[in-house]
Amino acid sequence: MATSALISPTLTPPGLAQPAGAVLGRQSFVSAAIRRAGPAVVTIDTERTVQSAGGAGGLPRGLMNDPLFRQFFGIPQQGAPSRRTERGQGSGVILQSDGLVLTNAHVVDQIDRVTVGLENGRRYEGRVVGLDKLTDLAVVRLVGAGPWPVAPLGNSDALQVGDWAIAVGNPFGLDNTVTLGIISNLNRNATKLGITDKRLDLIQTDAAINPGNSGGPLLNADGEVVGINTLVRSGPGAGLGFAIPINRARSIVNQLVATGRATHPMIGVGLDEVRAASGQGSGRGAVVVSVQPNGPADRGGLRTGDVIVAAQGTAVKDPSQVITAVERAGVGGTLNLTVNRQGATLNLRLVPGDMAVLRQG
């Protein structure tokens, strides 16, 4: 019997007549997404000069006072400042063909020099256009003729929990690193993560984000930028990465390019969650615990003890939703609130002001 007769088509399971790669394709949607956005993902290297008090602590005073000893070991004179260079690294993404790069504010804050590295290995000088610490966003302009590769921007408001999420960046100096996960949740308020100096509702993802990924893009399955990676929770329960929604970043970028700074609306109140056992309601809403004198909330009639139950006609579950409504109303806009005051329902109209101006006042 011929050897070929031992191989019968009837013994081949359905669907496996061809190699799996031929049926499914050897390249995943991730490969296609990276080809689309990857060339616009950059490495950001930073330098800054730090001055410290002169001297070398821990050495005997007699040696420190000996000029020959100091000269031999290169120790500056007592009281004379010494300088050292601190280096850092982060990621970024090019938004416009004229060389506009979006990254995190903490990547380029208080630095003296920025060097931007492209996927092709070329490196260019960068100039910080502006940064906003409150949202941890910054804009850097590439110094050069271009044109530059550009990443397409998506719509972060269209994201759903469970959508694919692709993180791209340079963790630990490893250029062009790609990780895959899903959108784990949306609208995570930064204050609930223990971050009180930021004003952010974040995208949560389990795509691995590590030091050096900061400022890099979070992509959807189509290779569109839907977020800017900003922080990760490590330790027990790791796998919690967070990104700034790109729709939020767009408005900040426009302000930074136009004026070098960003404005943030504020109504001048302190808010807390409603406690179901407090007699203030069913546990939904936001309790006003303080009101800034002569601020927008004060002028609009809001009082301490009021419970905000709706903003712009939408029911409020917690204080973060009030903050979101204020942000969307904008400085000089109209914010309509429905308030429960000792059992009575009131409709108030407030006009948010600029946070920087209100805090100075």
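Above: the structure in question.
Here's what I pulled together on the structure shown here.

1. Comments concerning the overall build of the chain
From N to C terminus, the chain includes nine helices and 20 strands. A separation threshold of at least 6 residues defines the contact pool for the chain, and within that pool the share at least 24 residues apart is 62%. When the accessible surface of the chain is split by element, carbon and sulfur atoms take 51% of a total near 19,100 Å².

2. Considerations on helix α8 (residues 319-329)
Buried within α8 are the following residues: P319, S320, V322, A325, V326, E327 and A329. Residue G330 follows α8 closely and has a positive phi angle near 80°.

3. Digging into the side chain of S156
Counting through the fold element by element, S156 comes out in the loop between β6 (137-142) and β7 (164-169). For S156, a relative accessible area of 8% puts it in the buried group.

4. Remarks on the pattern of salt bridges
Within this structure, the stated rule accounts for ten salt bridges. The shortest N-O distance in the salt bridge between D298 and R303 comes to 3.5 Å. Assessed through its relative accessible area of 28%, D298 is described here as partly exposed. Using a relative accessible area of 39% as the deciding quantity, one classes R303 as partly exposed. One connected set of salt bridges, linked through shared partners, spans R48, R84 and E86.

5. Topic: the pairing of strand β19 (residues 344-350)
Of the strand pairs in this sheet, strand β18 (residues 335-341) and β19 are connected by seven bridges, and their pairing is antiparallel. When the sheet's bridge partners are listed, L335 is paired in β19 with L350. Counted between consecutive antiparallel strands, the loop separating β18 from β19 contains two residues, among which Q342 sits at a positive phi close to 55°.

6. Observations regarding the environment of L346
Among the secondary structure elements, L346 is positioned in strand β19. Using a relative accessible area of 28% as the deciding quantity, one classes L346 as partly exposed. Separated by 38 residues in sequence, L346 and I308 have C-alpha atoms that sit 9.6 Å apart. Among all residues touching L346, those that are not within four sequence positions of it are L337, T338, V339 and R341.

7. Some thoughts on helix α6 (residues 246-259)
Side chains that are three or four residues apart share a direction in an α-helix, a result of its 3.6 residues per turn. Over its 14 residues, α6 extends 20 Å from the first C-alpha to the last, a length consistent with the 20 Å expected when each residue adds 1.5 Å. For α6, the set of buried residues is I246, A249, I252, V253 and L256. Axial view of α6: buried residues confined to an arc of 115°, hence all on one face. Turned more than 90 degrees away from the buried face of α6 sit N254, A258 and T259, all of them exposed. Just downstream of α6, G260 is the residue with a positive phi angle, here 85°.

8. Notes on the pairing of strand β3 (residues 100-103)
Neither face of β3 is exposed, since L100 and L102 on one face and V101 and T103 on the opposite face are all buried. Where β3 lies against β6, four bridges are found, and the strand directions are antiparallel. Each bridged residue has a counterpart across the sheet, and for L102 the counterpart in β6 is V139.

9. Here we look at the packing of aromatic side chains
Taken as a whole, this structure holds two aromatic pairs when the rule is applied. With a centroid separation of 5.2 Å and 45° between ring planes, the pair formed by F29 and W164 is classed as tilted. Here F29 is found in helix α2 (residues 29-37), whereas its partner W164 is found in strand β7, with 135 residues between them in sequence. You can call W164 partly exposed: its relative accessible area is 42%. Taking 4.8 Å as the distance between ring centres and 85° as the angle between the ring planes, the aromatic pair formed by Y124 and W148 counts as edge-to-face. Taken together, the positions of Y124 in strand β5 (residues 123-132) and W148 in the loop between β6 and β7 put the pair 24 residues apart, joining distant regions of the chain. Classification of W148 as buried rests on a relative accessible area of 7%.

Criteria and thresholds
- Residues numbered from 1 in each chain as written.
- Predicted model: local features only at pLDDT ≥ 70, side-chain atom pairs only at ≥ 80, totals over all residues.
- Heavy atoms only, no water.
- Helix = DSSP H or I, 4+ residues; strand = E, 2+ residues; numbered from the N terminus.
- Contact = heavy atoms within 4.5 Å.
- Areas by Shrake-Rupley, 256 points an atom, 1.4 Å probe, with all protein chains shown as cover.
- Buried < 20%, exposed > 50% of the residue type's maximum accessible area, 1.4 Å probe, protein only.
- Salt bridge = Lys/Arg side-chain N within 4 Å of Asp/Glu carboxyl O.
- Pairing = 2+ DSSP bridges.
- Expected span 1.5 Å × (residues − 1).
- Arc of directions from axis to C-beta.
- Phe/Tyr/Trp six-rings, centres within 6.5 Å; stacked < 30°, edge-to-face > 60°.

Everything listed here is a matter of geometry and, on its own, says nothing about what the molecule does.
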